[in-house]
Amino acid sequence: MLKTKVVTSKRVSEVVSTLAAEISADLEGRDPVFVCILKGAIYFFAALTQQLTRSVVVDFIQVSSYGATTESSGTVTLVKDITVDIAGKDVYLVEDIVDTGLTLADVVALLRARHPRSVQVVSLLSKPSRRKVEVPLDFVGLEIEDRFVVGFGLDFDEQFRNLPDIWEYAPDREEA
Ligand code: 5GP
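Model, not experiment: these values are computed from the prediction.

J.: What is the right way to look at the site of the ligand in this model?
T.: Taken together, the neighbourhood of the ligand is formed by 18 residues, with T100, G101, T103, V149 and D155 sitting nearest. D96 has a polar side-chain atom sitting 3.0 Å from an oxygen atom of the ligand. One of the backbone nitrogen or oxygen atoms of V149 is found 2.6 Å away from a nitrogen atom of the ligand. Coverage of the ligand by the protein chains reaches 95% of its 510 Å² of free accessible surface. Contributions of two or more residues to the shell around the ligand are made by strand 5 (90-98) and helix 3 (102-112). Top element by residues in the shell around the ligand is strand 5. It accounts for 4 residues.

J.: Sorry if this is basic, but what is going on with the side chain of K127 here?
T.: The topology assignment puts K127 in the loop between strand 6 (118-126) and strand 7 (139-143). Residue classification places K127 among the buried positions, given a relative accessible area of 5%. In this structure K127 touches I97, V98, D99, I144, E145, D146, R147 and F148, once residues within four positions along its chain are discounted.

J.: What is the right way to look at the sheet that holds strand 4 (residues 77-80) in this model?
T.: Sheet strands pair via backbone hydrogen bonds, and the direction of the pair is either parallel or antiparallel. Judged by pairing direction, the sheet is mixed, and its 6 strands sit side by side in the order 4-3-2-5-6-7 without closing on themselves. For this open sheet the edge positions go to strand 4 and strand 7, each flanked by a neighbour on one side alone. When the angles between neighbouring strand axes are averaged without regard to direction, this sheet yields 30°. Where strand 3 (residues 57-64) and strand 4 come together, 3 bridges link them in antiparallel fashion. Along strand 4, the bridge assignment pairs V63 with L78.

J.: What am I meant to see in helix 3 here?
T.: Residues spaced three or four apart along an α-helix point in a common direction, a consequence of the helix completing one turn every 3.6 residues. What helix 3 keeps buried is the set T103, L104, V107, V108 and L111. The buried residues of helix 3 occupy an angular sector of 125° when projected down its axis, which confines them to one face. Elements that come into contact with the buried residues of helix 3 comprise strand 2 (32-38), strand 3, strand 5 and strand 6.

Criteria and thresholds
Residues numbered from 1 in each chain as written. Predicted model: local features only at pLDDT ≥ 70, side-chain atom pairs only at ≥ 80, totals over all residues. Heavy atoms only, no water. Near = heavy atom within 4 Å. Polar contact = N/O pair within 3.5 Å; in protein donor to acceptor, adjacent residues only side chain to side chain. Areas by Shrake-Rupley, 256 points an atom, 1.4 Å probe, with all protein chains shown as cover. Helix = DSSP H or I, 4+ residues; strand = E, 2+ residues; numbered from the N terminus. Buried < 20%, exposed > 50% of the residue type's maximum accessible area, 1.4 Å probe, protein only. Contact = heavy atoms within 4.5 Å. Pairing = 2+ DSSP bridges. Axes fitted to C-alpha atoms, helices over the stretch in contact; angles between N-to-C directions. Arc of directions from axis to C-beta.

Below you can see the structure in the form of structure tokens.
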């Protein structure tokens, strides 16, 4: 069930605009490719890239982490790869939320193997208290407490991605 609203859609918009301004300033002199980690980051990615002050290349990657559970399995498999060549490019990897950091560490390693000039990480949300591996986050929207959240792209068992606000979610007794 949805418990409490953690971030309103209005606050999400403000955070996205702030990040877009910061990243736009960082784009000077770069050859950028924005990579969206599907599916969770899709709403954030669309909102963010539309507010950048110049044209950028966009691409998509999908890895599997959670199924119908609120705990990370810690093993990541590649479901869909990017299609553009990132060799010599400046990659901005866009994630919805960083929890243990395991997913991101794997995706960063995978992309670095293709010899981009740089890889920077952009995440809408971060749960620092849950970190198991240190992954440098270059641009972070909001830090939140250790709560499982849904909405604005984030799901539980593929539901709730389309909600405009971000909610704390707790499985019902019979779902748990
Ligand atoms: P990590 O590998 O950092 O533990 O987890 C990263 C991925 O787990 C995120 O891309 C996201 O898909 C999922 N995840 C982590 N925390 C949450 C959360 O609070 N809510 C939802 N819906 N997904 C989460």
